[in-house]
Amino acid sequence: MSTTLDRPADWKAPQDAGPVDGAPLASVIPAEAERRLAEAWEDSPGLRGWFGTVDHKKIGIRYIITAFVFLTIGGVEALVMRLQLAQPNNNLLNPEQYNQLFSMHGVTMIFLYALPILSGFSNYLWPLMLGSRDMAYPRLNALSFWLYVVSGIFLYVSFPLGAAPNDGWFNYVPNGSAEYDPGPNIDVYCLGMIFLGISTAVGSANFVVTLLRMRAPGMSLNRVPIIIWGTLTASAANLLAIPAVSLACLMLWFDRNFGTHFYDIGGGGQPLLWQHLFWMFGHPWVYAVVLPAMGMVSDGLPVHCRRPLVGYTLVAMATVTTMVVGFGVWLHHMFATGLPSLALSFFSAASFVIAIPSAISVFAWIATIWTGRARLTVPFLFFTSVILLFVIGGVSGVMTASLALDWQLTDTYFIVAHLHYVLIGINLFAVVGAVYHWFPKMTGRMMNERLGYWVFGLMFGGFNVAFLPMHLLGLEGMPRRVYTYGADMGFGTTNLVVTVGAITFAGGIGLFFLSILLARLSGRPAGPNPWDGPSLEWSIPSPPPAYNFAVIPLIASRHPLWEDRLLAEDQPHSRLAEGYLLDEGKETLGVTPLDAEPDVILKMPGDSILPVLLSVSLLPLFGGMLLLKPWFAAAGAAAAFAILIAWFWPHPVLQREEQARMYV
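Residues numbered from 1 in each chain as written. Predicted model: local features only at pLDDT ≥ 70, side-chain atom pairs only at ≥ 80, totals over all residues. Heavy atoms only, no water.

(A) Fine view of the layout of surface pockets. Empty space within the largest pocket amounts to approximately 1,100 Å³. Along the walls of the largest pocket sit 49 residues, with His283, His332, Gly397, Thr400 and His418 positioned nearest its centre. Contributions of two or more residues to the lining of the largest pocket are made by helix 8 (272-288), helix 9 (291-305), helix 10 (312-326), helix 12 (355-371), helix 13 (378-399) and helix 15 (413-443). A per-element tally of the lining of the largest pocket places helix 12 first, with eight residues. Empty space within the second largest pocket amounts to approximately 860 Å³. A breakdown of the residues in the lining of the second largest pocket according to their chemical character gives 29 nonpolar, nine polar and three charged. (1 Å grid on protein atoms, 1.4 Å probe; cavity = no way out; pocket = protein on both sides within 12 Å on 5 of 7 lines; lining within 4 Å. Points joined across faces, edges and corners; volume = space filled by probe spheres on them. Helix = DSSP H or I, 4+ residues; strand = E, 2+ residues; numbered from the N terminus. Nonpolar A, V, L, I, M, F, W, Y, C, P; charged D, E, K, R; others polar.)

Right under this line is the structure:
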């Protein structure tokens, strides 16, 4: 039986159809109850409200804006490197400047942009998609964001001082040891990674608990959107992987400053231990920065194809399987280190196997397009481009799973091309598509579609002109991480083409930022559901009120807003205008983990400046460790301890029983 949605034949893309309007489907409650909800959930006025907000929507948007700032910084660094490499024997940068630039470019893009941008979308969308009023731990949510900002500042303060990390984003030892790199650069990297890791860990724990306890009644695990599965999988992996790199960085910091020998072969240590610990974290991290983005495609693409995603269950299972197998392929990055052949054979096989679950999503997206009735909207173009770029990046990744081929290609520009097709192709293109898709919900404004086609053309064309020729450079033998090359090596023309493509790609991103600004200032008003989406976030006004849902809806299917087209009349339907009216203060509903049955009324915390104070207090702690000033670090630790006491100070005892009112 076909599941293609029954849509009016004259349906047009919102840009062409004139102003998009309509009433939200979720409940409209009496004015008095709405006033009580607004008073309970809206932020305090002034600076206290700005710094103390725990509203997941504001935190999510701040994550997105901050990540785009870091994307811009990392992009400028990349352009400077491309200018340096545009012709042979160029002297725009000296070797040390180039080392710091490519190291900070990698750190910025991978740690300060790629995951935080996805955390921003998930922070904003999760409660709206799950039918909840907030994340499980709102203050922990705010703490995660402020730690991300402060740790980013910690890493970047060193840059103008010439003390930025200069050993790559992977920071291999012994090159990163005090013997070969005696300056503070590597200490900045080690302490900055630990600092940032705290942010990632607390944010990940919050996502896991939110999924288990903060869903609308009836939203069982097989009814949550795919982006939920993607972020959940990434969060669980982060909780397992972050300790590995944090431990690795802490041991290197001890080696460099206190004479320990964890990585010093002369003292009985083992330099390869760094690579093991780093890639136990690093390879799952790659999937952590693509699986939520793939979830965006899985949820956004079907809306523009006007049909449900093909193979929902397989895609959800493949998402989890990809991450599980991903923990077993870290040696994939160490084939050239001289490890025993039996270990290399096992990890080579695992690297081939991981292509199977990864391909399931690709086939599901193609089948969705093929069996749907797609419209060429800007989000659709970006989401479909992910498929092509994912296939190119995935195939080049499978090629390096072969030991014989990897030994030829490792540390060449072929790997640079593969890495960027995976990280930019799957992450950035999905993110830009997601911005076009969910911007109307976030702001109540539509982005300009015509300008969007130009953005897509410049980004897609520029990206492929920049990175496709890098495969050729790698095959011709150009090594990565070199600041220049000789004129007789034959790399000049190809590098010039790559630089032109990079500038074009950057122009597309600049035009994208301009289109966001124009839409925010003068975009057409968007109704609650401008794309005719099926999930809960489209049932409430755009932008959503502070309390999200006036009543907590009751869910009966995977597509609550498409049930009139997908379900028979005698089948149970979701009730979006009826449900739990929790208006006795700032409260929401907790459910059982598996079946989402109502379990408890949760009293949610209000505004608090403790998260930002705790984040700032860690700055002198890590600064003192960097400068080896114990008293400075102790002052920061004492301040953090005092703030934690205030954070956990007992609250008045709540009523043991409270009645919830149903609004029907």
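(B) Here's a closer look at the side chain of Arg307. When you line up the elements, Arg307 lands in the loop between helix 9 and helix 10. In this structure Arg307 is buried but unpaired, with Asp299 as the nearest side chain of opposite charge at 12 Å. (Buried < 20%, exposed > 50% of the residue type's maximum accessible area, 1.4 Å probe, protein only. Lys, Arg positive; Asp, Glu negative; His and termini not counted. Salt bridge = Lys/Arg side-chain N within 4 Å of Asp/Glu carboxyl O.)

(C) Here's a closer look at the nonpolar core. Counting residues in each nonpolar core, the largest one holds 191 residues, and the members touching the most others are Phe121, Trp274, Phe281 and Trp365. Element by element, the count of residues in this core is highest for helix 4 (residues 95-130), at 21 residues. For Trp274, the residues in contact, after removing those within four places along its chain, are Phe170, Asn171, Tyr172, Val173, Tyr189, Ala248, Cys249, Leu252 and Tyr263. (Core = buried A, V, L, I, M, F, W, Y, C linked by side-chain atoms within 4.5 Å. Contact = heavy atoms within 4.5 Å.)

(D) How the structure looks around the pattern of salt bridges. Taken as a whole and judged by the stated rule, the model has 13 salt bridges. In this structure, Asp583 engages Arg36 in a salt bridge whose closest nitrogen and oxygen atoms are separated by 2.3 Å. Of the two residues, Asp583 sits in the loop between strand 2 (575-581) and strand 3 (587-591) while Arg36 sits in helix 1 (residues 31-41), which places them 547 residues apart along the sequence. In this structure Asp583 comes out as buried when scored by relative accessible area, which is 3%. Relative accessible area serves as the criterion here: at 26%, Arg36 is assigned to the partly exposed category. Two residues, Asp599 and Arg213, come together in a salt bridge whose shortest N-O distance is 2.9 Å. You can see Asp599 sitting in strand 4 (residues 598-603) and its partner Arg213 sitting in helix 6 (residues 185-213), a full 386 residues away along the chain. Residue classification places Asp599 among the partly exposed positions, given a relative accessible area of 44%. Beyond isolated ion pairs, a larger network of salt bridges with shared partners links Glu32, Arg35, Arg36, Glu39 and Asp583.

Function cannot be read off these values alone, since they describe shape.
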